[in-house]
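Below, each chain spelled out in residue letters.
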Amino acid sequence: MLVLTRKAGESVVIGDEVVVRVLEVRGDVVRVGIDAPRDVQVHRQEVYEAVREANIAASTASEEAITALQGIVRRAGAVGPTP
């Protein structure tokens, strides 16, 4: 991990297109501004983790869903395609 010291108004450049600027420091709270291209996703870590966990949960099939899908497939196979 790279650790830098910056004062209010100073910046850090990441790559060629991302600039992180310290806007304000009040006690133990630091406000930062991030200037990045629209195609670069920027999230607070807690939001990123919540989205990631929701995506994992949504992509995991429950046992009930698998059983229901198997029933649908069996019924569709029993009927067969119409000529």
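Residues numbered from 1 in each chain as written. Predicted model: local features only at pLDDT ≥ 70, side-chain atom pairs only at ≥ 80, totals over all residues. Heavy atoms only, no water.

K.L.:
I would appreciate a short explanation of the pairing of strand β2 (residues 18-26) in the present structure.
P.N.:
On a regular strand, each side chain points to the face opposite its neighbour's, so the side chains alternate between the two faces of the sheet. Bridge analysis of strand β1 (residues 11-14) against β2 gives four bridges, and the strand direction is antiparallel. Among the inter-strand pairings, Val13 is bridged to a residue of β2, identified as Val19. Following β1, the chain reverses through three residues before pairing antiparallel with β2; Gly15 in that reversal takes a positive phi of roughly 65°. Alignment of β2 against strand β3 (residues 29-35), held across seven bridges, turns out to be antiparallel. Across the sheet, residue Glu24 finds its bridge partner in β3, namely Arg31. Counting the residues between successive antiparallel strands, the hairpin from β2 to β3 contains two residues, one of them, Gly27, with a positive phi of roughly 60°. (Pairing = 2+ DSSP bridges. Helix = DSSP H or I, 4+ residues; strand = E, 2+ residues; numbered from the N terminus.)

K.L.:
Can you walk me through the environment of Ile66 in this structure?
P.N.:
Summarising the element assignment, Ile66 is placed in helix α2 (residues 63-79). Look at Ile66 and you get partly exposed, because its relative accessible area is 35%. (Buried < 20%, exposed > 50% of the residue type's maximum accessible area, 1.4 Å probe, protein only.)

K.L.:
Help me understand a nonpolar patch on the surface in this model?
P.N.:
Taken together, the side chains of Val25, Val30, Val32, Ile34, Val40 and Val42 define a hydrophobic patch exposed on the protein surface, amounting to about 470 Å² of accessible area. Sorting elements by how many residues they give to the nonpolar patch places β3 first, with three residues. The residue Val25 is located in strand β2 in this model. (Patch = residues over 30% accessible without salt bridge, like charges linked within 9 Å, V, L, I, M, F, W, Y side chains within 5 Å. Areas by Shrake-Rupley, 256 points an atom, 1.4 Å probe, with all protein chains shown as cover. Salt bridge = Lys/Arg side-chain N within 4 Å of Asp/Glu carboxyl O.)

K.L.:
Is there a simple way to explain the sheet that holds β3 in this structure?
P.N.:
The three strands lie next to each other as β1-β2-β3, forming an open sheet whose pairing is antiparallel. Strand pairing shows two members of the sheet lacking a second neighbour, β1 and β3, which therefore form its edges. Across the sheet, the axes of successive neighbouring strands diverge by a mean angle of 25°, strand direction being ignored. (Axes fitted to C-alpha atoms, helices over the stretch in contact; angles between N-to-C directions.)

K.L.:
Is there a simple way to explain the pattern of salt bridges in this structure?
P.N.:
When charged atoms on two side chains of opposite charge get close, those side chains can pair. With the rule as written, the count across this model stands at five salt bridges. With a closest N to O distance of 3.2 Å, Glu24 and Arg31 form a salt bridge. Across the pair Glu49 and Arg52 runs a salt bridge, and its minimum N-O distance is 3.3 Å. Of this pair, Glu49 and Arg52 are both found in helix α1 (residues 45-59), three residues apart, which corresponds to roughly one turn of the helix. Within the structure, one salt-bridge network assembled from shared partners comprises Glu24, Arg26 and Arg31.

Just distances and angles here, no functional claims.
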